[in-house]
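Letter by letter, the chains look like this.
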Amino acid sequence: MSIKMSKRGTILFLLALFLTPFIIMNDYVIIPVAADLYAAFPDHESIVNFILSGPQILGVIGALLCGRMTKTNQKKIIVVAFSVFALTSIFCTAILSPIFMAAMRAVQGVAMGFVNTASVTLLAEVFVDENLRGTYMGIYNAAMAGLGAIMSYAAGILAKNHWTSVFKVYYATIPMLIIFILFLPGNTQSAEEEEVQAASAKSDKKLDGRYWLFIFSLFMFVLTYMVISYMVSVYITENNLGDSSVAGLATSLSTVLSAIMCAIFGFTYGKMKRWIAVPSWIILAIFYALMVIAPSTAMVYIASALMGGAFGNAFSWYYVECTLIVPEDKIGFSVSIVTAVQGLAMGVASYFATTLMKIMHTERITPIFVVLAIISVIGTVYSVVHAYSLRKEQV
């Protein structure tokens, strides 16, 4: 640790830190009522698309801005940004207007980018030991998925009253903010760490084409998965498979399995190394195809669970791999690129889905799953080639 904390202080710090992903998973409150949003604002499809996933794009901007605030106390960033997020979240439906909601969601997105970046930076500053940092980073990702599961399930239950009721989930931000104020430590970055960052920033080494192909595969993986993640309620509605509670449970299953795969990633990675992304792509290909061939409520639950697990597995791998295929002085830059690309892919996922629907001349989401299955097959081939090429280099 870079600062001295008692055992009790460390536990309370970790409790506070592992609550910060609530803001990252804020979309999971709205996902169960995606179909209701399109029905409530039928003449504003583009605005609803933004309400659903646009904040992820603005989160990239927030993250980049936060990354430039290297000398600012990370706790202050978290507290201020989370306060803004809490305010706009609670009052998101104060006026039932798609434009007003989009504006509130835009502010949510920027705040999310600040909190996400500051939280991970704070974790890295406190835990300077590489193994310890990796352990807590895995738990952090698992906590993120676990919070998403709780949030989406709660939203699904609340949505039975009215779709606007899901925003009551955001009331939880008030006690969380108090916890952050009380238990997050102040500035922890040492002068030595600042010198290392400065030296890395001066490097003029360029990344090769293989790296950018790897980044493109990350973009396509997140984009492909997030279609079903965001549009599961639309798929359920158009195939008459249930209501918002089914969508809420399906989303919860996906995030629970994602959390489990993040938690055990150290073990699975030790067994499979760079081949570990292959089964994730295969699972996406199989279940996108099965959801077209045999739609049912049971299939929604099974596909959501296994595809969520596949996402958690590959999500963790991309973050590890991006540090292994670049020079040591480019690791920080590589992680920032992965974070930005991940957010961008999540942000454009709903636009990607509706664009595919227009190209295929269909008003249903199900037919585009064929295209997503094909993309997943291509992703599988890429992952095999990538792993095999690195294996040959190591021989």
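All values reported here derive from a predicted model rather than from experimental measurement. (Residues numbered from 1 in each chain as written. Predicted model: local features only at pLDDT ≥ 70, side-chain atom pairs only at ≥ 80, totals over all residues. Heavy atoms only, no water.)

### A few points about the overall build of the chain
Defined as follows: Each helix is a run of DSSP H or I of at least 4 residues and each strand a run of E of at least 2, with the numbering of both proceeding from the N terminus. Classification of residues uses two cut-offs on accessible area relative to the type maximum, computed with a 1.4 Å probe and protein chains only: under 20% is buried, over 50% is exposed, and between them is partly exposed. Contacts are assigned to residue pairs with any non-hydrogen atoms lying within 4.5 Å of each other. Areas reported here follow the Shrake-Rupley algorithm with a probe of radius 1.4 Å; residue values treat only the protein chains shown as occluding.
The helix and strand tally for the chain stands at 16 helices and zero strands. Of all 395 residues assigned to the chain, the portion counted as buried reaches 54%. Restricting the contact set of the chain to residue pairs at least 6 apart, pairs at least 24 apart contribute 82%. A total accessible area of about 17200 Å² is found for the chain, and carbon and sulfur atoms account for 68% of it.

### Observations concerning the packing of helix α1 (residues 7-17) against helix α8 (residues 173-183)
Selection criterion: Fitted lines through C-alpha atoms give the axes, limited to the stretch in contact for helices. The angle between two N-to-C directions lies from 0 to 180 degrees. Roughly parallel means an angle under 35 degrees; roughly antiparallel, over 145; roughly perpendicular, 65 to 115; everything else is oblique. Handedness of a crossing follows from how the near helix is turned relative to the far one, being left-handed for an anticlockwise turn of less than a right angle and right-handed for a clockwise one.
As a packed pair, α1 and α8 sit with axes 9 Å apart at the nearest point and diverge in direction by 140°. On the basis of the axis angle, α1 is oblique to α8. The element α1 and its partner α8 pack so that their crossing is left-handed. Judged by residue contacts, Leu-12, Phe-13 and Ala-16 of α1 engage Ile-179, Phe-180 and Phe-183 from α8.

### Observations regarding the packing of aromatic side chains
Test applied: Each pair of aromatic rings taken from Phe, Tyr and Trp, with Trp reduced to its six-membered ring, is defined by centres within 6.5 Å and is described as stacked if the planes are under 30 degrees apart, edge-to-face if over 60, and tilted in the remaining cases.
All chains considered together, the criterion is met by 19 aromatic pairs. Seen from their ring centres, Phe-221 and Trp-281 are 5.0 Å apart, and the 80° between their planes marks the pair as edge-to-face. Linking Phe-221 in helix α10 (residues 209-238) with Trp-281 in helix α13 (residues 277-293), this pair joins segments that are 60 residues apart in sequence. Comparing Phe-221 with Trp-281, the two get one shared label, buried. Plain terms: the ring middles of Phe-221 and Phe-311 are 6.1 Å apart, the flat faces sit at 5° to each other, and that makes the pair stacked. Taken as a pair, Phe-221 in helix α10 and Phe-311 in helix α14 (residues 297-324) lie far apart in primary sequence, 90 residues in all. Assessed through its relative accessible area of 11%, Phe-311 is described here as buried. Aromatic rings pair up to connect Tyr-211, Trp-212, Phe-214, Phe-221, Tyr-225, Trp-281, Phe-311, Phe-315, Trp-317 and Tyr-318 into one cluster.

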